[in-house]
Amino acid sequence: MPEIVVEGISKTLGGLLTLGKINIKAGAGDFVGILGPSGCGKSTLFNIISGLLRPDRGRVLIDGRDVTGRTGRVSYMRQKDLLLPSLNIVENVSIPLVLKGMPKKQACAEAAAHFKQFGLAGFEKYYPRQLSGGMRQRAAMLRTYLFSSDILLLDEPFAALDAITKRKMQAWLIDVFNMINPTVMYITHDVDEALYLCDRIYVLSDCPTDVRLEIRVPFCRPPHGRTIAHSEYGAIRDKVMEALEI
Amino acid sequence: MITRPVVSVSMKKSRITADIFIPLAFIILILAGWEYIVRLRSIPDWLLPGPAQIVRTLVDNAPLIIKHTQSTLIECLAGFAVAILFSFIVAFLMDEIALLRKALYPLIVASQTIPIVSVAPLFIIWFGYGMLPKIIVVVLVCFFPVAISLLSGLAAVDNDYLELFRSMQASRLKTFRMVKLPLSMPSFFAGLRISAAYSVMGAVIGEWLGAKQGLGTYMTLAQRSFQIDRVFAAILAVTVLSAALFLLVSLVERLVIPWNRLGEK
Ligand SMILES: Nc1ncnc2c1ncn2[C@@H]1O[C@H](COP(=O)(O)OP(=O)(O)O)[C@@H](O)[C@H]1O
Ligand SMILES: [Mg+2]
């Protein structure tokens with residue numbers, strides 16, 4: 001599994017220094033959370049890691065290779081599923097394979113082979129508009145996975161879902177993570193979600209953004225699902241809240 | 001986790017009833033009132049014929065009217081097809097090349113302010129009394145709504161789709177074909193439906209100014225000899241033709257973008 005290093009990244013957007021000087025690292029197989037107020041530049045950071053945006057300063061290294069400003073190594077999943085309403089789920093999910101040059105039929109077969117693993121079995125021929133928000137996000141995640149199977153960049157993937165669906169999707173994500181063991185960077189502005197899912201959390205400040213706190217979470221992803229019962233939960237949560245100044 | 005259909009079957013039925021029967025009843029009421037006044041006041045046929053008389057004229061002259069309708073239909077379809085082809089070429093180029101968009105957009109909007117009736121005679125002078133000048137008028141009338149709706153559909157595509165495809169290293173052409181084109185189709189068809197109705201009007205205007213064939217010609221001739229019932233029969237034919245083209249476009253839309261009707265509220 002690859003290691004992602006974000007080294008001294010800064011970026012000015014619209015004349016405003018958005019990202020101050022960001023250093024973030026995700027080791028192989030880590031599940032790293034990035035927590036920060038909205039508008040602080042979390043999505044901008046992913047745009048930089050995925051190569052869509054060039055930083056003013058700093059580098060992005062994936063497994064030691066400099067990929068700054070270059071697309072093609074990772075893509076990322078957003079709050080919006082961005083499935084094409086004109087294609088069915090299999091066709092949608094197989095897009096990254098088709099773009100890599102695989103014949104359409106083979107790409108669909110390859111994508112369909114993962115449907116069970118991602119809890120999508122039976123929905124191959126459905127159109128996005130026929131599915132619930134939770135199912136659409138699963139499909140969007142499978143599409144992201146098929147582009148780069150070893151790294152998942154997730155930008156508030158469940159933020160638009162209702163609380164119950166969100167909780168189910170988090171449990172599902174943990175299952176998927178345990179199965180495929182990628183390196184994950186997970187953006188959220190939900191403290192409890194971060195504490196539930198992530199091994200390590202970076203807390204970002206308001207603009208100009210820097211890393212306020214880096215903290216390990218010893219109780220993340222417990223098999224029984226109840227993080228809140230852990231003895232250290234309150235103390236760690238307080239530290240995170242303090243860093244967020246809320 | 002599939003979303004259930006929001007509208008139940010019985011609700012749908014009652015909505016269709018409301019959508020179809022209420023306007024139908026209204027039309028019947030107006031026609032009955034019209035017929036009643038014409039008979040009560042014994043208004044002469046050359047001034048204002050009643051609906052019954054108009055239908056009789058239509059049936060009596062059916063072969064002739066059908067022949068003229070055919071010419072008008074051919075002009076419409078030909079003009080329509082050319083307008084669509086042009087729209088696609090122009091919209092694609094304008095969407096891809098920012099400079100071209102800036103240069104052409106005002107021109108396209110301005111072209112719409114030219115009154116068709118004032119340029120149509122020029123086409124007759126240049127291209128004679130055949131079908132070509134009418135087809136050109138239809139193209140002019142249809143091009144604007146189709147091109148503008150296609151352009152705005154292309155411009156309205158969520159930038160996040162484009163970024164996603166860029167991050168997956170899709171070429172511009174592939175992004176256009178896979179994302180922009182399908183996502184702009186609903187807007188395109190909205191414009192197409194409008195111009196389907198306009199196209200008949202364009203053809204008729206072209207024929208008014210001089211033609212050997214077509215509903216516009218038939219109408220002018222009937223008008224000059226005060227055969228008002230024939231004028232109305234021709235108007236009826238024009239209306240039916242417009243509605244038929246409108247329905248044709250709606251049908252094609254269903255076939256081309258069936259997904260757009262899914263999950264409709
Ligand atoms: N292309 C851009 N030009 C100017 N400002 C931008 C641009 N993209 C984002 N911003 C601004 O940068 C800030 C960070 O945006 P974003 O990364 O989306 O924040 P977050 O994901 O943390 O909510 C916001 O204030 C946003 O308005
Ligand atoms: Mg964001």
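Asker: Please give an account of the overall build of chain A that cites residues and values.
Answerer: Secondary structure summary: chain A contains eight helices and ten strands in total. Its C-alpha atoms give chain A a radius of gyration of 18 Å, near enough to 18 Å, the size a compact globule of 246 residues would have. Expressed as lengths along the three principal axes of its C-alpha atoms, the size of chain A is roughly 50 × 45 × 30 Å. Looking at chain A as a whole, 57% of its 246 residues qualify as buried. As displayed, chain A offers around 10000 Å² of accessible surface, 49% of which is attributable to carbon and sulfur atoms. Chain A carries 31 positive and 26 negative side-chain charges, and their two centres are separated by 6 Å.

Asker: Let's hear about the overall build of chain B: which residues, and what values?
Answerer: What chain B contains, in helices and strands, is ten helices and zero strands. Going from the N terminus to the C terminus, chain B shows its helices and strands as α-α-α-α-α-α-α-α-α-α. Over its C-alpha atoms, taken along the principal directions, chain B stretches across nearly 75 × 60 × 30 Å. Across chain B, contacts joining residues at least 24 apart in sequence account for 72% of those joining residues at least 6 apart. Carbon and sulfur atoms provide 72% of the accessible area of chain B, an area that totals close to 15200 Å².

Asker: Before we move on, can you summarise the site of ligand 1 with the specific residues and values?
Answerer: Residue and element names in this part refer to chain A. Around ligand 1 lies a shell formed by Leu-13, Gly-14, Thr-18, Ser-38, Gly-39, Cys-40, Gly-41, Lys-42, Ser-43 and Thr-44. A distance of 2.5 Å is found between an oxygen atom of ligand 1 and a side-chain nitrogen or oxygen belonging to Thr-44. Burial of ligand 1 by the protein chains amounts to 54% of its free accessible area of 570 Å². When residues of the shell around ligand 1 are assigned to their parent elements, the largest contribution, three residues, is made by helix 1 (residues 42-49).

Asker: Go over the pattern of salt bridges with me, naming the residues and quoting the values.
Answerer: Residue and element names in this part refer to chain A. Across all of its chains, the model carries 21 salt bridges over all chains by this definition. Note that Asp-150 and Arg-73 form a salt bridge whose closest N and O atoms lie 3.0 Å from each other. On the criterion of sequence distance, the pair formed by Asp-150 in the loop between helix 5 (133-147) and strand 7 (151-155) and Arg-73 in the loop between strand 5 (65-66) and strand 6 (76-77) is long-range, its members being 77 residues apart. Measuring nitrogen to oxygen at the nearest pair gives 3.0 Å for the salt bridge that ties Asp-81 to Arg-136. Placement of Asp-81 in the loop between strand 6 and helix 2 (89-93) and of Arg-136 in helix 5 is noted, with a sequence separation of 55 residues between them. Residue classification places Asp-81 among the buried positions, given a relative accessible area of 17%. What makes Arg-136 partly exposed here is its relative accessible area of 22%.

Asker: Requested: an account of unusual backbone geometry, with residues and values cited.
Answerer: Here the residue pair Cys-207 of chain A and Pro-208 of chain A is connected by a cis peptide bond, since its omega of -15° sits within 30 degrees of zero. Structurally, Pro-208 of chain A is set in the loop between strand 9 (200-204) and strand 10 (211-216). In this structure, Arg-221 of chain A is a non-glycine residue whose phi angle is positive, near 45°. Along the chain, the position of Arg-221 of chain A falls in the loop between strand 10 and helix 8 (233-244). In this structure, Ser-42 of chain B is a non-glycine residue whose phi angle is positive, near 40°. Tracing the backbone through its elements, the reader meets Ser-42 of chain B in the loop between helix 1 (9-40) and helix 2 (51-60).

Asker: Can you break down the domain arrangement of chain B residue by residue, with the values?
Answerer: Frequently, the measure chosen for interface size is the accessible area that the parts lose on association. All names here are of chain B. Split by domain assignment, chain B resolves into domain 1 (9-42) and domain 2 (48-264). Computed over C-alpha atoms, the centres of domain 1 and domain 2 are 29 Å apart. In this assembly, five residues from domain 1 lie in contact with seven residues from domain 2. Of the roughly 460 Å² buried between domain 1 and domain 2 on both sides combined, carbon and sulfur atoms contribute 72%. Sorting the residues of domain 1 by area buried against domain 2 places Trp-34, Glu-35 and Val-38 first, and these three jointly supply 85% of that buried surface. In this assembly, domain 1 and domain 2 are joined by zero salt bridges. The interface formed by domain 1 and domain 2 includes two residue pairs in polar contact (both at pLDDT 80 or more). Counted by class, the side of domain 1 that touches domain 2 contains three nonpolar, no polar and two charged residues.

Asker: Before we move on, can you summarise the sheet that holds strand 2 (residues 16-26) of chain A with the specific residues and values?
Answerer: All names here are of chain A. An order of 2-1-4-5 is seen for the four strands of this open sheet, with the pairing classed as antiparallel. Both outer strands of the open sheet, strand 2 and strand 5, are each paired with one neighbouring strand and no more. Packed onto the sheet, helix 1 meets strand 1 (4-13), strand 2 and strand 4 (57-62) and runs at close to 120° relative to strand 1.

Asker: So what's going on with the packing of aromatic side chains? Residues and values would help.
Answerer: All names here are of chain A. With the rule as written, the count across this model stands at 15 aromatic pairs over all chains. An aromatic cluster is built from Phe-31, Phe-158, Phe-177 and Tyr-186, whose rings are joined through pairwise contacts. Sitting above the plane of the Tyr-76 ring, Arg-78 keeps its charged end 4.0 Å from the centroid. When the ring centre of Tyr-196 is taken as origin, the NZ or CZ atom of Arg-167, which lies over that ring, is 4.0 Å away.

Asker: Go over the interface of chain A and chain B, please, and point to the residues and values.
Answerer: At the interface, 28 residues of chain A touch 23 residues of chain B. Its largest share of buried area at the contact with chain B, chain A owes to Leu-52, Leu-99 and Arg-129 of chain A, together 24% of the area lost on that side. Of the charged contacts in the structure, one is a salt bridge between Lys-80 of chain A and Asp-158 of chain B, with a shortest N-O distance of 2.9 Å. The interface formed by chain A and chain B includes six residue pairs in polar contact (both at pLDDT 80 or more).

Asker: Got a sec to walk through the side chain of Asn-88 of chain A? Specific residues and values, please.
Answerer: Residues and elements named next belong to chain A. Relative to the helices and strands, Asn-88 is located in the loop between strand 6 and helix 2. A residue is classified by how much of its surface remains accessible, and Asn-88, at 8% relative accessible area, is buried. A polar atom in the side chain of Asn-88 sits 3.2 Å from the backbone nitrogen of Val-90. Only 2.9 Å separates the side chain of Asn-88 from the backbone nitrogen of Glu-91, close enough to count as a polar contact. Each residue touching Asn-88, except ones within four places of it in the same chain, is listed here: Glu-124, Lys-125, Tyr-126 and Tyr-127.

Calculation criteria
Residues numbered from 1 in each chain as written. Chains lettered and ligands numbered in written order. Predicted model: local features only at pLDDT ≥ 70, side-chain atom pairs only at ≥ 80, totals over all residues. Heavy atoms only, no water. Helix = DSSP H or I, 4+ residues; strand = E, 2+ residues; numbered from the N terminus. Rg over C-alpha atoms; globule rule 2.2 N^0.38 Å. Buried < 20%, exposed > 50% of the residue type's maximum accessible area, 1.4 Å probe, protein only. Areas by Shrake-Rupley, 256 points an atom, 1.4 Å probe, with all protein chains shown as cover. Lys, Arg positive; Asp, Glu negative; His and termini not counted. Charge placed at Lys NZ, Arg CZ, Asp CG, Glu CD. Contact = heavy atoms within 4.5 Å. Near = heavy atom within 4 Å. Polar contact = N/O pair within 3.5 Å; in protein donor to acceptor, adjacent residues only side chain to side chain. Salt bridge = Lys/Arg side-chain N within 4 Å of Asp/Glu carboxyl O. Domains from an automatic or database assignment. Buried area = accessible area lost by both parts, 1.4 Å probe. Nonpolar A, V, L, I, M, F, W, Y, C, P; charged D, E, K, R; others polar. Pairing = 2+ DSSP bridges. Axes fitted to C-alpha atoms, helices over the stretch in contact; angles between N-to-C directions. Phe/Tyr/Trp six-rings, centres within 6.5 Å; stacked < 30°, edge-to-face > 60°. Lys NZ or Arg CZ within 6 Å of the ring centre and 35° of its normal.

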